[in-house]
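# Geometric and topological summary
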Amino acid sequence: MLTTIVVLPLLLASPDPSTAEGFAAEGEAYLQAAETAERPLDVLLNAHTSFDSAYLANKDATYLCRALDVTGRALRSGAFADEQEQKFWEETRSED
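Summarised in this report is the structure supplied together with it. Every value quoted in this text rests on a predicted model; they were computed, and no experiment measured them. (Residues numbered from 1 in each chain as written. Predicted model: local features only at pLDDT ≥ 70, side-chain atom pairs only at ≥ 80, totals over all residues. Heavy atoms only, no water.)

Moving on: helix α2 (residues 20–34). The first and last C-alpha atoms of α2 sit 21 Å apart over 15 residues, in line with the 21 Å expected at 1.5 Å per residue. If you check which residues of α2 are buried, you get A20, G22, F23, A24, E26, G27, A29, Y30, L31, A33 and A34. (Helix = DSSP H or I, 4+ residues; strand = E, 2+ residues; numbered from the N terminus. Expected span 1.5 Å × (residues − 1). Buried < 20%, exposed > 50% of the residue type's maximum accessible area, 1.4 Å probe, protein only.)

This is the structure we're talking about:
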């Protein structure tokens, strides 16, 4: 619930998410929201998806590097619900 309250205004204020810049802004908003989220890994997943979408929109490797940073942050958090969640993030990092 708290995550929704924090993230929703940030997303509504974001630029058009159909552009690389819009996806990146959305990713940054998710990163900020992850700091106070009840389930930060869920919010980090949204951030990663946004940066990955920004990369796919214009092939700028900066966005892919930002997505990789998100996976590193998730792995350093150690806030995994179970071993499968940790494995998911490890595989996502390898794919990036």
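Further remarks concern the pattern of salt bridges. Tallying each qualifying case throughout the model produces 4 salt bridges. Residue E28 is joined to R66 by a salt bridge in which the shortest nitrogen-to-oxygen separation is 2.8 Å. A residue pair is termed long-range when its members are at least 10 positions apart, and E28 in helix α2 and R66 in helix α4 (residues 61–77) qualify at 38 residues. Overall, the relative accessible area of 33% leaves E28 in the partly exposed class. In the salt-bridge network here, residues are joined through shared partners; they are E28, R66 and D69. (Salt bridge = Lys/Arg side-chain N within 4 Å of Asp/Glu carboxyl O.)

Running from amino to carboxyl end, α2 crosses helix α3 (residues 40–58) at an angle of 165 degrees, the nearest separation of the two axes being 8 Å. Compared by their axis directions, α2 and α3 come out roughly antiparallel. With respect to the hand of their crossing, α2 and α3 are arranged in left-handed fashion. Contacts from A20, F23, A24, E26, G27, E28, Y30, L31, A33 and A34 in α2 reach P40, V43, L44, N46, A47, S50, F51, S53, A54, A57 and N58 in α3. (Axes fitted to C-alpha atoms, helices over the stretch in contact; angles between N-to-C directions. Parallel < 35°, antiparallel > 145°, perpendicular 65-115°, else oblique. Left-handed = near helix turned anticlockwise from the far one by under 90°. Contact = heavy atoms within 4.5 Å.)

Purely geometric numbers; function is a separate question.
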